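One-letter residues, chain by chain:
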Amino acid sequence: MKSETGKKKVAPSTNDPLQFVKGVGPKRALLLKKLGLETIDDALRFLPFRYEDLSRVKKVSELIPGEHVTLVGTISNTGTTSLGIRKKVFEVIVQDESGFTRAKWFQFNKKYMDKKFPVGNFIILSGKPVVNRYAGSGLEFVHPDAESFADEFPGEESIGQIFPVYHSTEGLPIKALRNIMKNIIDVYQERIEEFLPVTILKKYHLPSRAQALAKTHFPLKETDIEELENFKTAEQQRLIFEELFLIQLGLTFKRNLRKKETFGKAMATRGPLIRKFIKLLPFALTGAQKRSLGEIMDNLEENFPMNRLLQGDVGSGKTVVALTALLTAVDNGRQGAMMAPTELLSEQHYSSLLPYCQKLGVSIELATSAGTAKARREIREKIESGTAQIIVGTHALIQDKVNFKDLGLIVVDEQHRFGVLQREAIGKKGNQPHALIMTATPIPRSLSLTLYGDFSVSYLDELPSGRQPIKTQIFYEKTREKAYTLLYKEIQKGGQAYIVCPLIDESEKSSLKAVVETLAFIKMKYPDLSAELIHGKMKREDRQKIMSDFQEGTIQVLVATTVIEVGIDVPNASVIMIEHSERFGLSQLHQLRGRVGRGQRASHCLLVAYYPLTEEGKARLNAMKEFSDGFSIAEEDLKIRGPGDFLGARQSGMPFLRMANLLRDFEWIEIARNEARQIIENDPGLNAPDLQKLKKALGHYLGDKLDLINVI
Ligand code: ADP
Ligand code: MG
């Protein structure tokens with residue numbers, strides 16, 4: 001803090017803005033804000049994702065094959081070498097006072113590498129050197145961790161230390177960020193307050209919060225680097241526990257409040273509508289569908305609201321299960337609602353459920369935010385009077401204006417697109433409805449414990465019989481023509497195709513342009529094909545017309561934005577071509593691929609990618625090629641992105657995990673859960689004097705995320 005003479009000196013607090021930290025200033029404050037950091041406390045909780053270990057610095061002459069080391073030197077040369085057709089390697093020659101060695105990258109973007117490793121710069125490499133059998137020229141590093149610096153870093157005096165590496169942002173060099181962090185720790189360490197109960201700290205041998213934060217940012221040089229890299233130091237463990245414990249405490253606190261007022265209504269299951277409906281289906285239910293329905297029915301028969309997650313890969317047949325559950329509500333004289341994340345998907349659900357409902361004499365309505373005010377009001381009235389028995393819609397369904405006559409069950413399709421907290425809003429609708437949440441994103445058990453607390457889970461782990469595998473191929477700009485040929489051939493054989501264009505620069509406008517241009521291109525290239533486009537901003541009637549034409553096969557190629565990502569079900573579609581596939585997330589790619597392979601046709605997923613490709617982008621495409629089931633895809637996703645991002649945590653309204661890894665830290669989850677439960681059991685309002693700091697921390701970190709503001 002600046003302490004100017006004449007002004008009253010205020011004691012530093014962790015709520016201070018970052019701007020006045022030594023080394024920050026207004027320009028850097030903006031860059032830090034980009035990283036989500038505005039206060040000292042934000043910065044303290046912005047932890048390194050790895051470390052530079054200068055405690056094990058070796059010279060080139062001391063390298064031993066297979067031994068993990070760090071090397072400090074200068075870049076004496078760089079360049080690319082060809083390894084046959086289309087295969088290239090980027091090499092950096094590193095020099096120190098004892099000799100030369102080489103670092104190699106096989107997957108790279110030349111421009112990026114040239115910028116990252118200018119000749120003459122200082123460089124820090126860490127990794128395990130290996131013998132190069134072919135060149136016979138000593139040891140080299142393949143894909144090491146590497147950073148380069150224009151001026152000398154870390155400086156002679158720093159050899160022997162361990163340095164944090166942060167995810168920084170452009171314009172804020174890592175070295176600068178590191179210095180800022182150092183200044184913060186120096187000034188504020190003493191101000192970091194403990195909020196965990198002492199009994200817990202003692203029981204699990206956890207260090208204080210101040211120590212944990214200080215040493216996780218700047219570990220002592222004696223720290224075991226293996227432990228550090230595996231997040232196993234006592235300090236890191238403390239921060240992991242703290243994070244998980246607060247989440248569990250918040251969820252338990254909330255659940256406890258809800259329990260007092262929660263009482264659902266039991267329903268009779270397997271009624272007349274259900275029996276008729278099952279007979280109408282053109283197929284037999286799979287074993288997994290039957291088992292899941294059994295589990296759902298058991299819940300519906302209880303007078304406690306069901307909280308069930310139905311997890312099934314794309315195409316596993318979740319919709320039929322949902323409709324059966326909805327009809328159970330109708331059999332009991334109550335209403336059933338199905339909520340989907342997009343207008344398009346709710347329209348699709350509506351049109352696929354409609355024929356069944358008509359045959360069963362059940363009234364079904366579509367409630368979205370599209371349509372005239374008058375039409376929307378009429379639908380609301382039908383919902384209020386109970387004339388509408390099944391209601392399909394978007395989140396418009398849980399808006400305040402909509403009052404159900406007697407909502408018995410709500411199904412939420414493709415939950416990964418919804419906020420976990422929207423579940424809270426559902427609970428407020430009507431008479432504590434039963435809730436069935438459906439998702440294609442597999443959620444490891446440890447995650448579901450954290451995110452969903454006491455949700456029970458049913459798995460659709462079996463695809464309907466007769467499904468053909470989907471062949472996934474990657475194409476680049478030069479080979480793109482081949483992808484088109486394949487697409488055209490498939491259509492000649494009677495199939496249909498989607499071509500997906502990505503959202504560019506987050507702007508709907510530019511992605512529309514891409515769709516329009518692609519459509520024009522297809523029409524010119526294949527005048528004999530009937531092609532159309534679809535996007536989210538179209539009028540509902542136009543969109544419905546196009547979808548039904550595509551469903552019937554009069555449209556052969558549908559050029560689309562990502563509006564078709566979830567749920568769309570056209571069994572005859574057998575090709576999906578994804579343009580700029582390198583820009584999509586892995587689970588999004590998997591969802592998109594799930595639009596094909598839903599019928600009896602062998603299907604193709606054509607991923608078209610463009611350079612420059614990031615390592616991650618490449619890893620995602622390869623994962624798509626290698627894995628076809630959602631579970632492996634999710635595991636790969638977790639590996640590539642890390643768990644913080646896994647469920648699109650920000651988007652789904654979940655507190656963002658900074659430290660904990662829900663797979664790695666599974667044991668802490670159970671402990672955190674138990675400790676949180678015990679505290680709430682003894683003191684549901686967290687009113688004891690020695691819990692006040694904890695309560696404050698809970699409000700501070702999770703207040704708005706868990707909607708605790710009014711209750712804490
Ligand atoms: P998702 O789980 O991705 O939501 P859907 O419910 O859309 O899957 O089902 C995909 C397709 O499989 C639909 O065309 C549906 O009619 C069909 N289907 C569902 N269950 C079965 C079954 N038991 N046998 C054959 N086809 C089925
Ligand atoms: Mg679906």
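The notes below deal with the structure included here. (Residues numbered from 1 in each chain as written. Chains lettered and ligands numbered in written order. Predicted model: local features only at pLDDT ≥ 70, side-chain atom pairs only at ≥ 80, totals over all residues. Heavy atoms only, no water.)

So, on to the overall build of the chain. Across its full length, the chain carries 24 helices and 23 strands. For the chain, with 712 residues in total, the buried portion stands at 54%. For the chain, contacts bridging at least 24 residues in sequence account for 75% of all contacts bridging at least 6. (Helix = DSSP H or I, 4+ residues; strand = E, 2+ residues; numbered from the N terminus. Buried < 20%, exposed > 50% of the residue type's maximum accessible area, 1.4 Å probe, protein only. Contact = heavy atoms within 4.5 Å.)

Attention now moves to the nonpolar core. With 59 residues, the main nonpolar core has Leu32, Ile184, Phe245, Leu249 and Leu694 as its most contacted residues. Listing elements by their share of this core, those giving two or more residues are α1 (25-34), α2 (40-44), α4 (174-188), α5 (198-203), α6 (209-217), α8 (234-261), α23 (666-682) and α24 (692-702). Here this core gets 10 residues from one element, more than from any other, and that element is α8. Phe245 has contacts with Leu196, Ile200, Ala672, Glu675, Ala676, Ile679 and Leu694, leaving out every residue within four places of it along the chain. Core analysis: the next-biggest nonpolar cluster, separate from the first, contains 56 residues, Val500, Met538, Leu558 and Val575 among them. (Core = buried A, V, L, I, M, F, W, Y, C linked by side-chain atoms within 4.5 Å.)

Attention now moves to the site of ligand 1. Lining the immediate surroundings of ligand 1 are 17 residues, of which Gly315, Thr319, Arg467, Asp569 and Arg598 lie closest. Here a nitrogen atom of ligand 1 sits 2.9 Å away from a polar atom, N or O, in the main chain of Ala284. Note that a nitrogen atom of ligand 1 is positioned 2.9 Å from one of the side-chain N or O atoms of Gln289. Counting only domains with at least three residues in the shell around ligand 1, you end up with domain 3 (272-460) and domain 4 (470-627). (Near = heavy atom within 4 Å. Polar contact = N/O pair within 3.5 Å; in protein donor to acceptor, adjacent residues only side chain to side chain. Domains from an automatic or database assignment.)

Attention shifts here to the sheet that holds strand β15 (residues 407-412). Working definition: the strands of a sheet are paired by backbone hydrogen bonds and lie parallel or antiparallel to each other. Reading across from one edge, β13-β14-β12-β15-β16-β11-β17 is the order of the 7 strands in this open sheet, with parallel pairing throughout. Edge positions in the sheet fall to β13 (364-367) and β17 (456-460), since each has one partner strand and no second. Neighbour-to-neighbour, the strand axes of this sheet turn through a mean angle of 20°, independent of strand direction. Sheet topology places β13 next to strand β14 (residues 390-393); 4 bridges connect them, and they run parallel. Bridged to Glu365 within β14 is Ile391. In the packing of helix α11 (residues 318-331) onto the sheet, the strands contacted are β11 (307-312), β12 (335-339), β14, β15, β16 (434-439) and β17, and the crossing angle to β12 comes to about 155°. (Pairing = 2+ DSSP bridges. Axes fitted to C-alpha atoms, helices over the stretch in contact; angles between N-to-C directions.)

By the definition in use, this model includes 32 salt bridges. Of the charged contacts, one joins Lys265 and Asp406 as a salt bridge, the two residues approaching to 3.7 Å between their closest N and O atoms. In this pair, Lys265 is assigned in the loop between α8 and α9 (272-280) and Asp406 in the loop between β14 and β15, connecting sequence segments 141 residues apart. Residue Lys265 is classed as partly exposed on the basis of its relative accessible area, which comes to 35%. Its salt-bridge partner being Glu579, residue Arg480 comes within 3.0 Å of it at the nearest N-O pair. Of this pair, Arg480 sits in helix α16 (residues 480-492) while Glu579 sits in the loop between β22 (573-578) and α19 (586-593), placing them 99 residues apart in sequence. Connected through shared salt-bridge partners, Glu91, Arg102, Lys104 and Glu140 make up one network. (Salt bridge = Lys/Arg side-chain N within 4 Å of Asp/Glu carboxyl O.)

With that settled, consider the packing of aromatic side chains. Ring pairs (aromatic) are described by centroid distance and by the angle formed between their planes. What the rule picks out here adds up to 12 aromatic pairs. Between the aromatic rings of Phe195 and Tyr701, the centroid separation amounts to 6.2 Å while the plane-to-plane angle is 50°, which identifies the pairing as tilted. With Phe195 in the loop between α4 and α5 and Tyr701 in helix α24, this residue pair connects regions lying 506 residues apart in the sequence. With respect to class, Phe195 is no different from Tyr701; both count as buried. Aromatic rings pair up to connect Tyr204, Phe241, Phe245 and Trp668 into one cluster. In this structure, Lys182 is placed above the aromatic ring of Phe218, and the distance from its NZ or CZ to the ring centre is 5.0 Å. In this structure, Arg480 packs its charged tip against the face of Phe521, placed 5.8 Å from the ring centre. (Phe/Tyr/Trp six-rings, centres within 6.5 Å; stacked < 30°, edge-to-face > 60°. Lys NZ or Arg CZ within 6 Å of the ring centre and 35° of its normal.)

On to a negative patch on the surface. A contiguous patch of negative charge on the surface is contributed by Asp224, Glu226, Glu227 and Glu229. Residue placement: Asp224 occurs in the loop between α6 and α7 (225-229). (Patch = residues over 30% accessible without salt bridge, like charges linked within 9 Å, V, L, I, M, F, W, Y side chains within 5 Å. Areas by Shrake-Rupley, 256 points an atom, 1.4 Å probe, with all protein chains shown as cover. Lys, Arg positive; Asp, Glu negative; His and termini not counted. Charge placed at Lys NZ, Arg CZ, Asp CG, Glu CD.)

Another point: α23. The first and last C-alpha atoms of α23 sit 25 Å apart over 17 residues, in line with the 24 Å expected at 1.5 Å per residue. Within α23, the full set of buried residues consists of Trp668, Ile669, Ala672, Arg673, Glu675, Ala676, Ile679 and Ile680. (Expected span 1.5 Å × (residues − 1).)

This part is about unusual backbone geometry. Note that the residue after Tyr611, namely Pro612, is joined by a cis bond; omega there is 0°. Relative to the elements of secondary structure, Pro612 occurs in the loop between β23 (603-609) and α20 (615-626). In the Ramachandran plot, His143 falls in the positive-phi region, its phi being about 45° despite a non-glycine side chain. Of note, His143 is situated in the loop between β8 (139-142) and β9 (145-149).

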